[in-house]
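Geometric and topological summary
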Amino acid sequence: MDGLDREMLQLAGHSETVHALAFAPDGQTLFSAGRDRTIRFWDVAGGRERIKLDEHAGPVLSIAVHQLGKLLASGGA
């Protein structure tokens with residue numbers, strides 16, 4: 001053991017399978033995308049959902065964050 005306290009963060013929000021995850025460059029925001037046709041923005045420190053996007057007509061299969069954190073791309077069915 002390395003002596004560090006480790007805690008698993010459980011985020012409740014998606015109603016179906018999560019297909020993709022990506023962190024913002026600063027590590028403070030986690031993006032998730034899934035079969036429920038949503039992309040969610042999570043506050044990593046607080047474990048809270050900040051934004052929910054539901055514009056996809058089908059499952060969201062992939063997400064990518066620009067290296068400066070100013071653009072999020074998604075792809076889906």
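Look above for the structure.
Residues numbered from 1 in each chain as written. Predicted model: local features only at pLDDT ≥ 70, side-chain atom pairs only at ≥ 80, totals over all residues. Heavy atoms only, no water.

Bringing unusual backbone geometry into the picture now. Residue Arg37 is not a glycine yet carries a positive backbone phi of 70°. As for its placement among the helices and strands, Arg37 is situated in the loop between strand S2 (29-34) and strand S3 (39-43). (Helix = DSSP H or I, 4+ residues; strand = E, 2+ residues; numbered from the N terminus.)

Bringing the pairing of strand S1 (residues 18-23) into the picture now. Where S1 lies against S2, five bridges are found, and the strand directions are antiparallel. The residue of S2 that forms the bridge with Leu21 is Ser32. Between S1 and S2, which follow one another and run antiparallel, lie five residues, and Gly27 among them has a positive phi close to 75°. (Pairing = 2+ DSSP bridges.)

Quick look at the side chain of Thr29 now. With respect to the element layout, Thr29 can be found in strand S2. Among the residues examined, Thr29 registers a relative accessible area of 7% and is labelled buried. Among the polar contacts made by the side chain of Thr29, one reaches the side chain of Arg50 at a distance of 3.3 Å. If sequence neighbours within four positions are ignored, Thr29 has contacts with Ala22, Phe23, Ala24, Phe41, Trp42, Val44 and Arg50. (Buried < 20%, exposed > 50% of the residue type's maximum accessible area, 1.4 Å probe, protein only. Polar contact = N/O pair within 3.5 Å; in protein donor to acceptor, adjacent residues only side chain to side chain. Contact = heavy atoms within 4.5 Å.)

Here we take up the sheet that holds S1. In space, the four strands of this open sheet follow the order S1-S2-S3-S4, with antiparallel pairing throughout. Of all strands in the sheet, those with a lone pairing partner are S1 and strand S4 (48-53), marking the two edges. Within this sheet the neighbouring strands show an average axis-to-axis angle of 20°, counted without direction. Examined bridge by bridge, S3 and S4 share five bridges and lie antiparallel to one another. Across the sheet, residue Ile39 finds its bridge partner in S4, namely Leu53. (Axes fitted to C-alpha atoms, helices over the stretch in contact; angles between N-to-C directions.)

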